[in-house]
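# Survey of secondary and tertiary structure
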Amino acid sequence: MLVVIALLMILVPASQVHAESFLADWQGPTRTWVGPEYFAIRWQDWSVREGRLSVESRPGRSCVVMTREIERGNGVLSMGVRVEGDEGVSVPAGFWLGVRGPVEDQWRSAAAYGYYHAFAGVRPDGTLVLRDRAFKASATRQSAIDPTREFDLRLTVSVSGGEALLTLVAAQSGSATELTLGLDEDDVAGLLGLGTADQVVSAAPAEHGVKKWHFESFSAEGGRLIEHEQRTFGPIGWTQYTHVDGVLKLTAMMMPIGPNDEQRVQLLIERDGAFVEVADEAIDALARCATFRVEEIDVDEPTRYRVRYRWRGTVYDYDGTIRPAPSVSMKIAVMSCDWGYAFPNAPLVRNVMASDPDMLVYAGDQIYEFFGKFGAEHEPLDRSAMDYLRKYALFGWINGDLLRDRPSVIIPDDHDVFQGNIWGAGGLPRPPRENGRGGDPMGGYRQPPAWINTMQRTQTWHLPDPADPAPVEQGITVYFGGFTWGGVHFAVLEDRKWKTGYRRIWPSDEDIPAGDFDALDPPGLELLGPRQERFLAEWAREETGLIHVAISQTMFAKAHTHTGPELREIAEDFDTNGWPRTPRNRAVALLGKAHALHLAGDQHLGVLAQLGVDVWTDGPLAFMVPGTANGWPRAWWPDRPGENRDPGAPAYTGRFVDEFGNQMTIYAVANPEPGSNLLIPAEDGPYRVA
């Protein structure tokens, strides 16, 4: 223990030191990604070109420097930047100070979710602005500068006795204007960067989105500046892999580099103590990942791999371990549904790492539309794909240290495709909403097929090859299939892709035959679809001496009674896989024949249940995991006690029939307390949990 403590005392100063200065380097080809020491929100709103950093004139955009932090204490800090705005910008732009996130003491939270506590900048009309976020203290002064021509912005922060004096100077063509404001020391302590204020102050023209602010020569200096050299992200983001039957499939997720940057990535495997290159692949232009398939890779013991990329003259390496299949027992960590408010989920990752699972399963909703702030941008294709990639990068930033050393099954759910409660209808396009009809409940995909395929490439390409690779309607790819690893026969299913939209059956809520099991189950409806059912039938017969485990987004029953922010009672919930009943029964029967364990998520409620068709126990044992960061609470509070439960067992356990007529035996539920688990807007972040 004494040796460990001594090492820590040596290492801490090396990663956290006082840095007298910082100078931004934005040279190189045109690109979206700013660089490894920055995190920008949103990616598609920022760009680097010929030494300038530009941001679209939209409120609350930020580019935070992760490797520098303003510490508390007496001292002087100065920041400078050269600025120019397009004609028609409509939001103030300038310095962000005191950037802290909703999760305390987490620099990633500050970079990805943080807000400024102090803003110092200029409005489109040349007015200088100093203020804190809450407008408790603010000052403005009209200047003579023309923001559409280059001008210099200089900020000095003098801290003494817990108070900070901010002095902002704007200079152009020999003329200068000065503005001062006193704030609390806490308003300036934290990360720093550049960005726009979070309000529109002038009329935005129709083409508002293309108007930009431009920055160059950004610098900071002073004794209060701390350097954290290890706080970087990219250009290699993280890896995902499986290794089955000697075939390694590995995805290296990359940052959105520019078209003139190096476009190829190498994969190296350690052999006899040295890394040997085994593959060289191009980065996908839309999915921003490099995908490697290497055959005849035998792994009897942990084997190191290395992903290598050269960017701007520097070689970046990302190392991981190919884990051999366990021979005696297997530990699987299952997660789903991360709303993002707990980012970067450090306690969860720490606990999963401590349990050291052999395999990771992410059962869907790795991201939500509002993951990382600002909702979802659905079009055009390139910007929407970039919006998704930034959100998915946060997933990788959370889970990268788990994923680099373990095989993983990652499958997308509805929010991963920017479409809550999707009914895929075999890949059809979603009908437009007209006169109250259409939209999601009709079935089909909202996003174009190129977008769907891009998303699926990032999340599922590394899975073993699909059982039936033919695409569905619109050329949308599939990923369902089976594989054997470590004495377990796995099936990976796609719950959403073929499921019928219920509005095709009942045009309005008044048409739904509530309470009538048979009327709720008309003929011709699909859940998994014929192709997956054929695969499941074959999978159930194969490898009969092995344990069978099926992985899908949602359990095949409606195992909740209350839902939503106020946990109100709900009857028929067509989003669950309890509907439609007949194809549900076919799937449950096939899983039952395999005596399978079924792992799923989606419903945000932890449930352990046995599913049934003809008898209570002829289906799989199903484990539905609770949400990683639960944003839409659900509860299982049945209005009557369960039947055939053990003496003394809770009333919510035992045998039940759900609202669609499905049999299920509930063994355990992770119910919330009534009135708990509600999302409340947080003063300094997107949410907090009651």
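Bear in mind the structure is a predicted one, so any value in this text is a computation, not a measurement. All residue numbers refer to positions counted from 1 along the written sequence of the respective chain. Local features in this predicted model are restricted to residues whose pLDDT is 70 or higher, and side-chain atom pairs enter the listing and the counts only when it is 80 or higher, whereas totals over whole chains, interfaces and linings include all residues. Derived side-chain values reflect all non-hydrogen atoms in the structure, with water molecules and hydrogen atoms excluded from consideration.

## Considering the overall build of the protein chain
For clarity, the threshold we go by: In DSSP terms, a helix is any run of H or I states spanning at least four residues, a strand is any run of E spanning at least two, and both are numbered starting from the N terminus. C-alpha atoms define the radius of gyration in this analysis, and the globule rule sets the expected value at 2.2 Å times the number of residues to the power 0.38. Throughout this description, buried means an accessible area under 20% of the type-specific maximum (1.4 Å probe, protein chains only), exposed means over 50%, and partly exposed covers the range between. It only takes one pair of heavy atoms within 4.5 Å for two residues to be counted as in contact. Computed with the Shrake-Rupley method and a 1.4 Å probe, the accessible areas treat only the protein chains shown as cover for residues. Lys and Arg are tallied as positive, Asp and Glu as negative. Neither His nor the chain termini are counted. By convention, the charge on Lys lies at NZ, on Arg at CZ, on Asp at CG and on Glu at CD.
The secondary structure content of the protein chain amounts to seven helices and 40 strands. Taken against the 2.2 N^0.38 rule, which gives 26 Å for 690 residues, the C-alpha radius of gyration of the protein chain at 27 Å falls within 12% of a compact globule. When the backbone C-alpha atoms are referred to their principal axes, the protein chain occupies close to 85 × 65 × 50 Å. For the protein chain, the residues scored as buried account for 58% of the 690 residues in total. The long-range fraction of contacts in the protein chain, counting pairs at least 24 apart against all pairs at least 6 apart in sequence, stands at 72%. When the accessible area of the protein chain is evaluated, it comes to approximately 26900 Å², of which 50% is carbon and sulfur surface. For the protein chain, the distance from the average site of its 65 positive side-chain charges to the average site of its 94 negative ones is 2 Å.

## A closer look at the confidence of the model for the protein chain
The criterion, for reference: Summary of the metric used: pLDDT quantifies the predictor's per-residue confidence within the range 0 to 100.
When pLDDT is averaged across the protein chain, the result is 92; 93% of the residues are at 70 or more. Within the model, pLDDT remains below 50 along residues 1-14, and this stretch shows one contact once partners closer than five positions in the same chain are excluded. For residues 681-690, every residue scores under 50 in pLDDT, and the model assigns this stretch 27 contacts once sequence neighbours within four places are set aside.

## Thoughts on the sheet that holds strand S31 (residues 562-563)
Stated precisely, the cut-off is as follows: Strand pairing is assigned whenever DSSP detects at least two bridges linking the two strands.
Taking strand neighbours across the sheet as the criterion, the three strands line up as S32-S31-S36 in an open arrangement whose pairing is antiparallel. In this open sheet, the two edge strands, each paired with only one partner strand, are strand S32 (568-569) and strand S36 (634-635).

## Examining helix H4 (residues 381-403)
Filter applied, for reference: Expected helix span is given by 1.5 Å per residue-to-residue step, counting one fewer step than there are residues.
Along its 23 residues, H4 runs just 28 Å from first to last C-alpha, ending more than 12% under the 33 Å computed at 1.5 Å per residue. With 20 of 23 residues buried, H4 lies mostly within the body of the structure.

## Regarding the sheet that holds strand S22 (residues 289-294)
Using the following cut-off: Working convention: axes come from line fits to C-alpha atoms, limited for helices to the stretch in contact. Angles between N-to-C directions cover 0 to 180 degrees.
Across the sheet, which stays open at both edges, the three strands sit in the order S18-S19-S22 with antiparallel pairing between neighbours. Each of the sheet's edge strands pairs with one partner strand only, and the pair in question is strand S18 (236-244) and S22. Strand-to-strand, the axes of this sheet are offset by a mean angle of 10°, without reference to chain direction. Both strand S19 (residues 247-254) and S22 contribute to a ladder of six bridges, which runs antiparallel. Each residue of the ladder has a partner; that of Leu250, found in S22, is Phe292. Its contacts with the sheet put H4 on S18 and S19, and the angle it makes with S18 is roughly 60°.

## Re the pattern of salt bridges
Threshold: A pairing counts as a salt bridge when a side-chain nitrogen of Lys or Arg comes within 4 Å of a carboxyl oxygen of Asp or Glu.
Applying the stated criterion across every chain, the model contains 47 salt bridges. For Arg52, the salt bridge goes to Glu84, with nearest N and O atoms at 2.7 Å. In this pair, Arg52 sits in strand S5 (residues 52-56) while Glu84 sits in strand S7 (residues 75-85), placing the two residues 32 residues apart along the sequence. For Arg52, a relative accessible area of 22% gives the class partly exposed. Salt bridges here are not isolated pairs; linked through shared partners, they connect Arg42, Asp45, Glu56, Arg58, Arg61, Glu377 and Arg383.

## Focus on the nonpolar core
Applicable threshold: Residues enter a nonpolar core if they are buried and are Ala, Val, Leu, Ile, Met, Phe, Trp, Tyr or Cys, with the set joined through side-chain atoms within 4.5 Å.
Counting 103 residues, the largest nonpolar core has Phe39, Trp397 and Trp539 as its most contacted members. Counting residues per element, this core draws most heavily on H4, at twelve residues. In this view, Phe39 contacts Ser62, Cys63, Val64, Met66, Ala111, Ala112, Phe233, Arg390, Leu394 and Trp397; residues no more than four positions away in its chain are not counted. If you look at the next biggest cluster of nonpolar residues, it comprises 50 residues, including Ala24, Val55, Ile70 and Ala137.

## Overview of the environment of Gln172
Under the convention used in this document: A 3.5 Å cut-off defines polar contacts: any pair of N or O atoms within that distance qualifies, except that in protein one atom must be a possible hydrogen donor and the other a possible acceptor, and neighbouring residues in sequence count only when both atoms are side-chain atoms.
Within the fold, Gln172 resides in strand S13 (residues 163-172). Separated by 407 residues in the primary sequence, Gln172 and Trp579 place their C-alpha atoms 67 Å from one another. Setting aside residues no more than four positions away along its own chain, Gln172 makes contact with Ala144, Ile145, Asp146, Arg149, Glu150 and Phe151. A distance of 2.8 Å separates a polar atom in the side chain of Gln172 from the backbone nitrogen of Asp146.

## Thoughts on the packing of aromatic side chains
So the rule is basically this: The pairing test for Phe, Tyr and Trp rings, Trp by its six-membered ring, is centres within 6.5 Å, and the orientation test on the planes gives stacked under 30 degrees, edge-to-face over 60, and tilted for anything in between.
Applying the stated criterion across every chain yields a total of 35 aromatic pairs. Each ring, one from Phe480 and one from Trp498, has its centre 5.8 Å from the other, and the planes form 75°; the classification is edge-to-face. Of this pair, Phe480 sits in the loop between helix H5 (449-460) and strand S28 (481-485) while Trp498 sits in the loop between strand S29 (488-492) and helix H6 (529-541), placing them 18 residues apart in sequence. Phe480 gets classed as buried once you look at its relative accessible area, which sits at 0%. One aromatic cluster is present, built from ring pairs that chain together Phe39, Trp43, Trp107, Tyr113, Phe233, Phe343 and Trp397.

## Quick word on H5
Along an α-helix, a turn takes 3.6 residues, which lines up residues three or four apart on a common side. Taking 1.5 Å of rise per residue, the twelve residues of H5 would be expected to cover 16 Å, and the 15 Å separating its terminal C-alpha atoms lies within 8% of that figure. Of all the positions in H5, only Trp451, Ile452, Thr454, Met455, Gln456, Thr458, Gln459 and Thr460 are classed as buried. Those residues of H5 that are buried lie in contact with S18, S19, H4 and strand S27 (408-410).

## Observations concerning the side chain of Ser552
Along the chain, the position of Ser552 falls in strand S30 (residues 547-554). With relative accessibility at 0%, the residue Ser552 sits in the buried group. Not counting residues within four places of it along the chain, the set of residues in contact with Ser552 comprises Ala363, Ile411, Leu493, Asp495, His598, Leu599, Ala600 and Gly601.

## Some remarks on the pairing of strand S11 (residues 138-142)
Both strand S10 (residues 127-132) and S11 contribute to a ladder of five bridges, which runs antiparallel. Looking at the pairing, Leu128 lines up with Arg141 of S11. Once S10 ends, the chain turns through five residues before running back antiparallel as S11, passing Phe135 with a positive phi of about 60°.

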